[in-house]
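What follows is each chain in one-letter form.
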Amino acid sequence: GAVVSQHPSWVICKSGTSVKIECRSLDFQATTMFWYRQFPKQSLMLMATSNEGSKATYEQGVEKDKFLINHASLTLSTLTVTSAHPEDSSFYICSARLAGGPGLHEQFFGPGTRLTVL
Amino acid sequence: AQRVTQPEKLLSVFKGAPVELKCNYSYSGSPELFWYVQYSRQRLQLLLRHISRESIKGFTADLNKGETSFHLKKPFAQEEDSAMYYCALKGQGAQKLVFGQGTRLTINP
């Protein structure tokens, strides 16, 4: 099946620094990738939809200057949390959607990245 | 507005008993409905989708447009079914999924 990886799996950083999280589709091309945030014991909240070669579409209430998304290729999207603060600590999950094929509407999820900001 | 409601945060049943995880949605058009599952320490994965009308791991879900529901059912629960289950909706022509709050299912031996 289609595999999505995330790197790093966990990261601890100091307040004020920036952190980059990578999301890769390993064995398929993904025209669309999605970034979610999940708080403990809560559901996934969509942050933004990322289409290859174009600007990301952010959900209401998500600061695009704080959460920079780059989808430079069909297999890689990055999320950069700029000037991170403790309230940005969370579990960040990406997903990728197949570019065509029988699983057209299926999203494949990465394992998530745990961010802790001290 | 699109909304998915899973009224039960926690559900506990005994092995071999029937299980039903409830999901109600709010959407004005014709949605696509999905059930995703997350086993302990694993990533979220698709369990089934309503358009496929399939049974996966003994689970089925029927879209009831009149009641705006997409409940997940299994006649005989197994211990390995213990997991977090999320109901999700995709609107017509939309790319994104809207998730419910999730239900943690525990199957007792």
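Attention in this report is confined to the structure presented alongside it. (Residues numbered from 1 in each chain as written. Chains lettered and ligands numbered in written order. Predicted model: local features only at pLDDT ≥ 70, side-chain atom pairs only at ≥ 80, totals over all residues. Heavy atoms only, no water.)

The subject of this paragraph is the pattern of salt bridges. Opposite charge on two side chains makes pairing possible when the charged atoms of those side chains draw close. All names here are of chain A. A complete count under the given rule lists 7 salt bridges over all chains for this structure. Where glutamate 22 meets arginine 24, a salt bridge forms, and the shortest distance between an N and an O atom there is 3.5 Å. The partly exposed category is assigned to glutamate 22, whose relative accessible area is 23%. Taking the relative accessible area as the measure of exposure, arginine 24 reaches 34% and is therefore partly exposed. (Salt bridge = Lys/Arg side-chain N within 4 Å of Asp/Glu carboxyl O. Buried < 20%, exposed > 50% of the residue type's maximum accessible area, 1.4 Å probe, protein only.)

Once that is clear, we can look at unusual backbone geometry. A cis geometry characterises the amide bond from histidine 7 of chain A onward to proline 8 of chain A, with omega recorded as 0°. Locating proline 8 of chain A in the fold gives a position in the loop between strand 1 (4-7) and strand 2 (10-13). The phi dihedral of threonine 68 of chain B falls on the positive side, at around 45°, and the residue is not glycine. With respect to the helices and strands, threonine 68 of chain B occurs in the loop between strand 7 (60-61) and strand 8 (72-74). (Helix = DSSP H or I, 4+ residues; strand = E, 2+ residues; numbered from the N terminus.)

Scanning the model with the defined rule gives 2 disulfides over all chains in all. Disulfide pairing is shown between cysteine 23 of chain A and cysteine 94 of chain A; the S-S distance is 2.0 Å. Taking the sign of the S-S torsion, 80° for the link of cysteine 23 of chain A and cysteine 94 of chain A, the bridge is right-handed. Here cysteine 94 of chain A lies in strand 9 (residues 90-98) and cysteine 23 of chain A lies in strand 3 (residues 19-25), a separation of 71 residues in the sequence. For the pair cysteine 23 of chain A and cysteine 94 of chain A, one class covers both residues: buried. Between the sulfur atoms of cysteine 23 of chain B and its disulfide mate cysteine 87 of chain B the distance is 2.0 Å. Judged by the torsion about the S-S bond (-65°), the cysteine 23 of chain B/cysteine 87 of chain B disulfide is left-handed. Of this pair, cysteine 23 of chain B sits in the loop between strand 3 (19-21) and strand 4 (24-26) while cysteine 87 of chain B is found in strand 9 (residues 83-90), placing the two residues 64 residues apart along the sequence. (Disulfide = S-S within 2.5 Å.)

Shape is all these values report; function is a separate question.
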